[in-house]
Amino acid sequence: MADQKVAVITGSGQGIGKGIAERLANDGFKVVINDVNKETAEATAKELQDQGKEAFAVEGDVSKRDDQFSLVKQTVEKYGSVDVFVNNAGIDQVAPLLEVTEEDLKKIYDINVFGTLYGIQAAAEQMKEQDGRGKIINACSIAGHKGYSFLGVYSSTKFAVRGLTQTAAQELAQFDINVNAYCPGIVGTSMWDRIDARMVEYMGLEPGEAFEKFAEGITLGRTQEPVDVANFVSYLASSDSDYMTGQAVMIDGGIEFS
């Protein structure tokens, strides 16, 4: 379709990002699968192509500003525009604050905070040149609304993402660019497998118990799947959310209420 919109999703070779890419492809978007892992990015793009969807893969490291701008450039060369940009890529980090090293701090901020800002910059520069509305969608977390023990630095990066989301929404509204964020809770992905494994060390639990402990407080009685997050991102990417900007919305099954 000549008017088919284009969505870029970082960190979309697997997990939540892959779920978002699948949903947006089903919504009719041409999707760009971006991941630091070339193999997973290409595999996800091929899965979508085999289903008759428009998709292609771009390898890149979100913590490198040049990679983010190159991602946008390659997308425009391939599909002509960037209508939706999802800053999904991120990493976790489990450690008591007193044990966090300078290297730990730099790594997580480079990806979760700097990477989000670089994505906002790259997407916005392109969207400013296009006719019509653009949507920038950032990955936050329930940990961006409340600090959690042993996830303190991770939480701080997600609080920073909320701040970037609010500020970018104000600065970019004049260009018809909406900026919002989604805040997942306990999602059954490899990230939570890693968190559980580290929590075992600090909380004296058996493998799997940390995941179960965090999941106990979910009002809806089950942990999240990537599709639960993707369904909400679909709304943020659509025209239905045109009057919404600057928000970081919890999509967590009812863990935190604010």
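Residues numbered from 1 in each chain as written. Predicted model: local features only at pLDDT ≥ 70, side-chain atom pairs only at ≥ 80, totals over all residues. Heavy atoms only, no water.

Notes on the UniProt feature "active site" (unreviewed entry) in the chain
Here's step 1: Sequence positions flagged by UniProt for "active site" (unreviewed entry) are, in local numbering, Tyr154.
Here's step 2: Residue placement: Tyr154 occurs in helix H5 (residues 152-172). (UniProt positions renumbered as here; feature names shortened; annotations may be inferred. Helix = DSSP H or I, 4+ residues; strand = E, 2+ residues; numbered from the N terminus.)

Remarks on the pattern of salt bridges
Here's step 1: In the structure shown here, the tally under the stated rule is 10 salt bridges.
Here's step 2: Residue Lys73 pairs with Glu77 through a salt bridge whose shortest N-O separation is 2.6 Å. With a gap of four residues between them, Lys73 and Glu77 both fall in helix H3 (residues 65-79), about one helical turn apart. For the residue pair Lys73 and Glu77, the accessibility class agrees, reading exposed in each case.
Here's step 3: The shortest N-O distance in the salt bridge between Lys135 and Asp242 comes to 3.1 Å. Residue Lys135 is found in strand E5 (residues 134-139), and its partner Asp242 is found in the loop between helix H8 (226-237) and strand E7 (248-251); the two are separated by 107 residues along the sequence.
Here's step 4: Here Lys135 falls in the buried class, since its relative accessible area comes to 5%.
Here's step 5: Within this structure, Arg133, Lys135 and Asp242 form a network of salt bridges that share partners. (Salt bridge = Lys/Arg side-chain N within 4 Å of Asp/Glu carboxyl O. Buried < 20%, exposed > 50% of the residue type's maximum accessible area, 1.4 Å probe, protein only.)

Notes on the sheet that holds E5
Here's step 1: Strand order in the open sheet formed by seven strands is E3-E2-E1-E4-E5-E6-E7, and the pairing between neighbours is parallel. Each edge of the open sheet carries a strand with a single partner, namely strand E3 (55-59) and E7. For this sheet, the mean angle separating the axes of adjacent strands, direction not counted, is 20 degrees.
Here's step 2: As judged from the three bridges shared by strand E1 (residues 6-10) and strand E4 (residues 84-87), these two strands associate in the parallel manner. What sits directly across from Val8, in E4, is Phe85.
Here's step 3: Of the strands in this sheet, E1, strand E2 (30-35), E3 and E4 touch H3, which is tilted by about 155 degrees from E3.
Here's step 4: H5 contacts E5, strand E6 (177-184) and E7 of the sheet and is inclined by roughly 160 degrees relative to E6. (Pairing = 2+ DSSP bridges. Axes fitted to C-alpha atoms, helices over the stretch in contact; angles between N-to-C directions. Contact = heavy atoms within 4.5 Å.)

Points about the packing of aromatic side chains
Here's step 1: Considering all chains together, one arrives at three aromatic pairs under this definition.
Here's step 2: With a centroid separation of 5.5 Å and 80 degrees between ring planes, the pair formed by Phe56 and Tyr79 is classed as edge-to-face. With a gap of 23 residues between them, Phe56 in strand E3 and Tyr79 in helix H3 connect regions that are remote in the sequence.
Here's step 3: On the basis of relative accessibility, which here comes to 13%, the residue Tyr79 falls in the buried class.
Here's step 4: Aromatic side chains Phe114 and Tyr118 sit 6.4 Å apart centroid to centroid with 55 degrees between the ring planes, which places their arrangement in the tilted category. Of this pair, Phe114 and Tyr118 are both found in helix H4 (residues 102-128), four residues apart, which corresponds to roughly one turn of the helix.
Here's step 5: Given the relative accessible area of 19%, Tyr118 is considered buried.
Here's step 6: The residue whose ring lies beneath Lys128 is Phe175, and the NZ or CZ to ring-centre distance is 4.8 Å. (Phe/Tyr/Trp six-rings, centres within 6.5 Å; stacked < 30°, edge-to-face > 60°. Lys NZ or Arg CZ within 6 Å of the ring centre and 35° of its normal.)

So, the pairing of E2
Here's step 1: By the criterion of burial, E2 is predominantly enclosed, with six of the six residues buried.
Here's step 2: Covered by surrounding structure in E2 are Lys30, Val32 and Asn34 together with Val31, Ile33 and Asp35, the residues of both alternating faces.
Here's step 3: Here five bridges tie E1 to E2, and the two strands are oriented parallel to one another. Looking at the pairing, Ala7 lines up with Val31 of E2.
Here's step 4: The β-α-β motif built from E1, the intervening helix H1 (residues 15-26) and the parallel element E2 has right-handed crossover chirality.
Here's step 5: In this sheet, E3 lies alongside E2 in parallel orientation, the contact comprising five bridges. Paired with Ile33 across the two strands is Ala57, which belongs to E3. (Right-handed = clockwise from strand over helix to strand, strands pointing away.)

Here's the deal with the pairing of E7
Here's step 1: Going residue by residue along E7, you find Ala248 and Met250 tucked away on one face and Val249 and Ile251 left uncovered on the opposite face.
Here's step 2: The pairing of E6 with E7 spans four bridges and is parallel. When the sheet's bridge partners are listed, Ala181 is paired in E7 with Ala248.

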